[in-house]
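# Architecture and fold: a report
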Amino acid sequence: MPPRVRFAPSPTGFLHVGGLRTALYNWVVARQGDGSFVLRIEDTDEARNREDWVTGIDESLRWFGLDWDERHRQSERTELYASAADELTAAGLTYWCDCTRDEVDARAKARGGPPGYDGHCRDLGKAAGPSAALRFRTPDSGTTSFVDVVRGEPAFPNDAIEDFVLVRSNGKVLFVLANVVDDLDMRITHLIRAEEHLPTTPKYLLLWDALGGGPPPVFAHVPVIVNEKRQKLSKRRDRVALESFRDEGYLPEVMLNFLALIGWSPPDGRERFALEEMVAEFRLEDVGRSPGFFDVAKLRAFNGDTIRAMTTEAFVERAQPWLSGPLAPWPPETYDPEVFAAVAPLVQERVAVLSEVPAMVGFLLVPELTVDDGDWEKAVKPAGVVALLDQVTERWADTAWVHDPPTAEPLKDTLFAIGDEVGLNRKRAQAPVRVAVTGRAVGPPLFESLVVLGRERTLERLRAARARL
RNA sequence: GGCCUGUUCGUCUAGGGGCCUAGGACACCGCCCUCUCACGGCGGCAACACGGGUUCGAAUCCCGUACAGGCUACCA
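Here's what I pulled together on the structure shown here. Note that the structure is a prediction, hence the values are computed from the model and not measured. (Residues numbered from 1 in each chain as written. Chains lettered and ligands numbered in written order. Predicted model: local features only at pLDDT ≥ 70, side-chain atom pairs only at ≥ 80, totals over all residues. Heavy atoms only, no water.)

### Observations concerning the overall build of chain A
Definition in use: Numbering goes from the N terminus for both helices and strands, where a helix is a DSSP run of H or I of at least four residues and a strand is a run of E of at least two. The atom set for the radius of gyration is the C-alpha atoms, and the globule formula is 2.2 Å times the number of residues raised to the power 0.38. Note on exposure labels: buried denotes an accessible area under 20% of the residue type's maximum, exposed denotes more than 50%, and partly exposed covers the range between, all computed with a 1.4 Å probe on protein chains only. Contact between two residues is taken to exist if any of their heavy atoms lie within 4.5 Å; hydrogens are not considered. Residue burial considers only the protein chains on display, and all accessible areas are found by Shrake-Rupley using a 1.4 Å probe. Only four residue types enter the charge count: Lys and Arg as positive, Asp and Glu as negative, with His and the chain ends excluded. Where a charge lies is defined by one atom per residue type, namely NZ (Lys), CZ (Arg), CG (Asp) and CD (Glu).
A tally of regular secondary structure across chain A gives 19 helices and 14 strands. For chain A, whose C-alpha radius of gyration is 31 Å, the value lies well above the compact-globule estimate of 23 Å for 469 residues. Its C-alpha atoms put chain A at 100 × 50 × 35 Å along the principal axes. The proportion of buried residues among the 469 residues of chain A is 49%. When contacts within chain A are restricted to residue pairs at least 6 apart in sequence, long-range pairs at least 24 apart make up 75% of them. On chain A, roughly 21,900 Å² of surface is accessible, and the fraction owed to carbon and sulfur atoms is 52%. Distance between charge centres in chain A, computed from 57 positive and 72 negative side chains, equals 5 Å.

Laid out in structure tokens, this is it:
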């Protein structure tokens, strides 16, 4: 039987790192067995239901290439949930309760026991009303257990499961019920979700049975992704928005590869693999059990490796949003494809994320150069710099600038010869020139850059810099 | 408080009784290369939470403790 899995995010703003990995594992399982990946937006809570948040989930998944076979929204399926609630009520498994939160808490405090609902209205025969919620009558004894592919066989004593709410007093169902109804209706075969859902699984199973579900789906509770303090990643305190990683220039295939690794690794232990390889090798049984830290430093390293491994054409293409697109620090007309193409290979091996590209080549494109004061001060500190600047300006004016093919040797030889004359080693000799012409102490190889920049602009910037001394 | 889950280098992990004097990757440190920054090469630091068992033998199996996390909503 082909697997039918579902990714069921609630629209809380954007898809985040943890959600993406859950989606990935689900998607992979679906793609392995000619199965179906069902995207189900869990928007039963109106406070979390905003249209742009919903489309944000779609966009993210598309960007990562995780295509879905079906897409549903729980807000469009409310009749189904209502009839399921009726069915449970007809079977005598529910009751109405109009206790307020305060009352429940007060009673819990009074009896000195643990917080939680005490079954107060269980046999009071209360009627439905504007302030009444429908609760599910849970068993008082016995144990609910299930097989979990990654955790073994967790067991939960039934007496610890309170009579939980199925339908709010405003008529809206809660996600537990909606979940079971949908999974039943959509014939979901595997429930691959985050570990945080483990404790609610007994409720799920109780409802599954009460609705005549038959054999339950296969469960796989994957470990959560945590921050450096080992807490579950949270939208408010941690950086988890996929959009922010995208805008910074992380590649989608790298993020997928990296995220897959938190909790799973291929049989041969290698760390780099493509999505297709993961589809071929992934097994839920191999997913680890302990939470993993989302280490951005390692992500960066992966991203840089991948950038370096691609063809220069691909690199140029993929850097466009930051050069000529919406993420560029200059207007579109500032970008000159030919200029960038000339230095692209040099830039490619120097950036870890695509957003770093503009700063590397800005000096070749912008009309007005901004010079970093700190870098300049440091570069002109050694004695001999003034003489060097004067001489190099003069001699480069007489040096042939060979553009076709680009030839850096003459410029290089001249500068270092002057350096020898004034007593500056190569490192110190190139520094003032680099800062004067590129504005920064770091960047692509200097002489190759100057050939691209051209004689006039180079000399102009050297004279401007000299004038500041 | 209760219930549940987890625990191998700083981090992600390999490991499923002897192949482990515990391997890889990222990070970090050193050296080499070098016009800066990177890349690359070489080398280094660094872990089986603790305590009991079981066994000829335990990172691997069992129990306990500690610590961490999750859940305990008329959120998902």
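From this point on, the discussion continues.
### Quick look at the environment of Thr306
Here is the rule we go by: Here a polar contact is recorded for every N or O atom pair within 3.5 Å, except that within protein the pair must consist of a potential hydrogen donor and a potential acceptor, and residues adjacent in sequence are included only if both atoms are side-chain atoms.
Along the polypeptide, Thr306 turns up in helix H10 (residues 296-309). Expressed as a C-alpha distance, the spacing of Thr306 and Leu450, which sit 144 residues apart in the sequence, is 28 Å. Setting aside residues up to four positions removed in sequence, Thr306 forms contacts with Leu251, Glu253, Val254 and Arg272. There is a polar contact of 3.4 Å between the side chain of Thr306 and the side chain of Arg272.

### Observations regarding the packing of helix H3 (residues 78-90) against helix H5 (residues 175-185)
Any two packed helices are characterised by how steeply their axes cross, that is the angle between the axes, and by the distance between the axes. Applied cut-off: Angles here are taken between N-to-C directions and fall from 0 to 180 degrees, while the axes themselves are lines fitted to C-alpha atoms, restricted in helices to the stretch in contact. Each angle gets one of four labels, with under 35 degrees taken as roughly parallel, over 145 as roughly antiparallel, 65 to 115 as roughly perpendicular, and the rest as oblique. For this classification, the nonpolar set comprises Ala, Val, Leu, Ile, Met, Phe, Trp, Tyr, Cys and Pro, the charged set comprises Asp, Glu, Lys and Arg, and every other residue, Gly included, is treated as polar.
Two elements in contact, H3 and H5, have axes separated by 10 Å at closest approach and are oriented at 100°. Taken together, the axes of H3 and H5 lie roughly perpendicular to each other. Residue-level contacts link Leu80, Tyr81, Ala84, Ala85 and Leu88 of H3 to Leu177, Ala178, Val181, Asp182 and Asp185 of H5. Residue classes in the contact of H3 with H5 are distributed as eight nonpolar, no polar and two charged.

### A short note on the nonpolar core
Quick reminder of the rule: By nonpolar core we mean a set of buried residues, namely Ala, Val, Leu, Ile, Met, Phe, Trp, Tyr and Cys, connected to one another through side-chain atoms within 4.5 Å.
Within the largest apolar cluster, 104 residues are counted, with the highest numbers of intra-cluster contacts made by Phe294, Phe315, Phe340, Val361, Trp396 and Val433. Ala85, Phe164, Leu191 and Leu206 belong to the second largest nonpolar core, which has 30 residues in total.

### Notes on the environment of Met310
Following the sequence through the fold, Met310 ends up in the loop between H10 and helix H11 (312-323). The class for Met310 is buried, based on a relative accessible area of 13%. Along the backbone, Met310 and Gln348 are 38 residues apart, and their C-alpha atoms lie at a distance of 9.0 Å. Each residue touching Met310, except ones within four places of it in the same chain, is listed here: Leu251, Phe315, Arg318 and Gln348.

### Details of helix H8 (residues 252-261)
The buried count for H8 comes to nine of ten residues, which makes it a mostly enclosed element. Taken as a whole, H8 has its buried residues at Pro252, Val254, Met255, Leu256, Asn257, Phe258, Leu259, Ala260 and Leu261. Gly263 lies just past H8 and shows a positive phi near 115°.

### Structural notes on the state of the cysteines
As a reminder, the rule being used: Cysteine sulfur atoms that come within 2.5 Å of each other are treated as a disulfide pair.
Summed over the entire model, instances satisfying the criterion amount to zero disulfides. In this model Cys97 remains outside any disulfide bridge; the closest cysteine sulfur is found in Cys121, 3.7 Å from its own. The buried category is assigned to Cys97, whose relative accessible area is 2%. You can see Cys121 has no disulfide; the closest cysteine sulfur is in Cys99, sitting 3.4 Å from it.

### Digging into the side chain of Thr438
Considering the arrangement of structural elements, one finds Thr438 in helix H17 (residues 426-438). In this structure Thr438 comes out as buried when scored by relative accessible area, which is 10%. One polar contact links the side chain of Thr438 to the main-chain carbonyl oxygen of Arg440, over a distance of 3.1 Å. The residues contacting Thr438, other than those within four sequence positions of it, are Phe363, Leu369 and Leu446.

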